[in-house]
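Structural description and commentary
The chain contents come next:
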Amino acid sequence: MTEQTAGRPTLASIAAAAGVSLPTVSKVVNGKTDVAPATRQRVLALLDQYDYVPQVRRVVAEPESPLVDVVFTALDSPWAVELLRGVTESGLEVVVDSLAARPQGGDWVRSLIAGGRRGAIVVTSRITPADQRRLGRSQLPVVVIDPVDMPGPDVPSVGATNWSGGMAATEHLVELGHRRIAVIGGPEDYLCSRARIDGYRAALDRAGIPVDPALVRHGNFHHDGGYERARELLELPDRPTAVFAGSDEQAFGVLEAARQAGLSVPGDLSVVGFDDLPMARWSSPPLTTVRQPLADMGRMAGRMLLELINGQELASQRVELATALVPRASTARRP
């Protein structure tokens, strides 16, 4: 490595190491397409090797409406749309980024810095220690919504009371006389999924009902995950009479599996979701669910990020908004 500034690699030193011109490296950093693929890969490898972070280029924007990135793991559900609606109502101008649309997930941190954004809201994703170091050096604030795992103490986050929501859903089914109650969580390593299942376990324990491991399944929070896990549950010799689906989309999958199995909902099987998406009230039957204040979560994350951009100190690094049971017609007393 050649010359650096105060120990920090420069574009000139990256260019020298790659054997290319300074304008070529600049094009790669700024996402220009007129660079040969092999050259681009060589420069990107050196940028990663030397942990290069561009100088932050501030955009010209009104103080009340800075431009920020909203980074989703994937934009593939109404859940994401509800969160985004809340963010856009918080006084921020947003650029939406989907990691699923990037080759190998891409490098959202580099895009954030090179794009001159003022900060980012990251939804249901992990921020690695390397990401945190680069963001810290660039002094770009980030707020996480519904983090996959517990974020570090310096990473502000917004979530919901997933544990109490899982408990409320299960207690509702217990009060209706159900004892064979299954749960379909999301991915096992997701913090919100673990909390909802822990709430389910706590409700059964309070009612004196042993947890049957055969009734605890994990999906992916999407329709297909609920459908596949429900088919497995409904084929058990002693099938459940109720299912807490862990998300509305999974609940819709459970409704489809019950229909194909010739079971009526709620006559043969009660179903509870989680989220209270707009279509929950229009499903057949209308879905009993736990309301997660998704738009409010987006608005809260936006306000927190705006405070950080304006140099204000947050009242709390971790905010959890309340969930609430919404009874509808997909649950009934045990047959």
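This write-up is about the structure you can find in this document. Residue positions are given per chain, counting from 1 as you read along its sequence in written order. The predicted origin of the model limits local features to residues at a pLDDT of at least 70 and limits the giving and counting of side-chain atom pairs to 80 or more, whereas totals for whole chains, interfaces and linings rest on all residues. Side-chain metrics rest on all non-hydrogen atoms present in the structure, leaving aside hydrogens and water.

Some remarks on the nonpolar core
Grouping buried Ala, Val, Leu, Ile, Met, Phe, Trp, Tyr and Cys residues that are joined through side-chain atoms within 4.5 Å yields what is termed a nonpolar core. Relative accessible area decides the class of each residue, using a 1.4 Å probe on protein chains only: under 20% of the type maximum gives buried, over 50% gives exposed, and in between gives partly exposed. If you look at the biggest cluster of nonpolar residues, it comprises 36 residues, and the most contacted ones within it are I181, Y200, F244, V254, L269 and V271. Numbering of helices and strands starts at the N terminus; helices are DSSP runs of H or I of at least 4 residues and strands are runs of E of at least 2. If you list the elements that add at least two residues to this core, you get α7 (162–175), β8 (181–185), α8 (191–206), α9 (223–234), β10 (242–244), α10 (248–260) and β11 (270–275). Examining the composition of this core, we find that six residues originate from one element, α10, more than from any other. Residues are treated as being in contact if the distance between any of their heavy atoms lies within 4.5 Å. Sequence-distant contacts of V271, that is, excluding residues within four places in its chain, are made with V243, A251, V254, L255, V265, L287, T288, S330 and T331.

Digging into the packing of aromatic side chains
The criterion for an aromatic pair is that two Phe, Tyr or Trp rings (for Trp, the six-membered ring) have centres within 6.5 Å, with stacked assigned to planes under 30 degrees apart, edge-to-face to planes over 60 apart and tilted to the rest. Within this structure, the stated rule accounts for two aromatic pairs. An angle of 45° between the planes, with centres 6.4 Å apart, marks the rings of F244 and F274 as tilted. Remark: F274 occurs in strand β11 and F244 occurs in strand β10; sequence separation between them is 30 residues. The class for F244 is buried, based on a relative accessible area of 0%. In this analysis the charged atom, NZ for Lys or CZ for Arg, is taken to sit over a ring once it is within 6 Å of the ring centre and within 35 degrees of the ring normal. In this structure, R196 is placed above the aromatic ring of F274, and the distance from its NZ or CZ to the ring centre is 3.8 Å.

What about the sheet that holds strand β14 (residues 324–326)?
With respect to topology, six strands assemble into an open sheet ordered β9-β8-β10-β11-β12-β14, the strand pairing being mixed. Where the open sheet ends on each side, the last strands, each with one partner, are β9 (216–218) and β14. Put simply, the sheet's adjacent strands are angled 20° from each other on average, direction ignored. The rule for pairing is simple: two strands pair if DSSP sees at least two bridges between them. Where β8 lies against β9, three bridges are found, and the strand directions are parallel. Along β9, the bridge assignment pairs V183 with V216. Every axis corresponds to a line fitted to the C-alpha atoms, with the helix fit spanning only the stretch in contact, and the corresponding angles, defined between N-to-C directions, vary from 0 to 180 degrees. Packing against the sheet, α7 makes contact with β8, β10, β11, β12 (288–291) and β14, and its axis sits at approximately 165° to β11. Across the sheet, α10 touches β8, β10, β11 and β12, and the angle it forms with β11 is around 155°.

Remarks on the sheet that holds strand β13 (residues 318–321)
The strand order β4-β3-β5-β6-β7-β13 describes an open sheet built from six strands, whose pairing is parallel. Lying at the two open borders of the sheet, with one neighbouring strand each, are β4 (93–98) and β13. Neighbour to neighbour, the strand axes of the sheet diverge by 20° on average, direction disregarded. Against the sheet, helix α11 (residues 294–309) contacts β3 (67–72), β5 (120–123), β6 (142–145), β7 (157–160) and β13, and its axis sits at roughly 165° relative to β6.

So, the pairing of β3
With five of its six residues buried, β3 lies for the most part within the structure. Where β3 lies against β4, six bridges are found, and the strand directions are parallel. Paired with F72 across the two strands is S98, which belongs to β4. Between the parallel elements β3 and β4, the chain passes through helix α4 (residues 78–88) in a crossover that is right-handed. Sheet analysis places β3 next to β5, joined by four bridges and oriented parallel. Note on β5: the bridge partner recorded for V70 is I121. With strands facing away from the observer, any crossover in which the path from the first strand over the helix to the second runs clockwise is taken as right-handed.

With respect to the pairing of β8
Extensive coverage of β8 is indicated by the burial of five of its five residues. Relative to β10, β8 runs parallel, the two being bridged by three bridges. Each bridged residue has a counterpart across the sheet, and for I181 the counterpart in β10 is A242.

Some thoughts on α10
Given a helix with a known number of residues, its expected span is that number minus one, times 1.5 Å. With 13 residues, α10 should cover 18 Å at 1.5 Å per step; its first-to-last C-alpha distance of 19 Å lies within 8% of that length. Considered for burial, the residues of α10 that qualify are D248, E249, Q250, A251, F252, G253, V254, L255, A257 and A258. The inward-facing, buried residues of α10 abut α4, β8, α9, β10, β11 and β12. Trailing α10 by a residue or two, G262 shows a phi angle of about 80°, which is positive.

So, the packing of helix α2 (residues 22–29) against helix α3 (residues 37–49)
Contact pair α2 / α3: the axes reach a minimum separation of 10 Å and the direction vectors enclose 80°. On the basis of their axis angle, the class for α2 and α3 is roughly perpendicular. Judged by residue contacts, T24, V25, V28 and V29 of α2 engage T39, R40, V43, L44 and L47 from α3. Angles are sorted into four bins: roughly parallel if under 35 degrees, roughly antiparallel if over 145, roughly perpendicular if 65 to 115, and oblique for all others.

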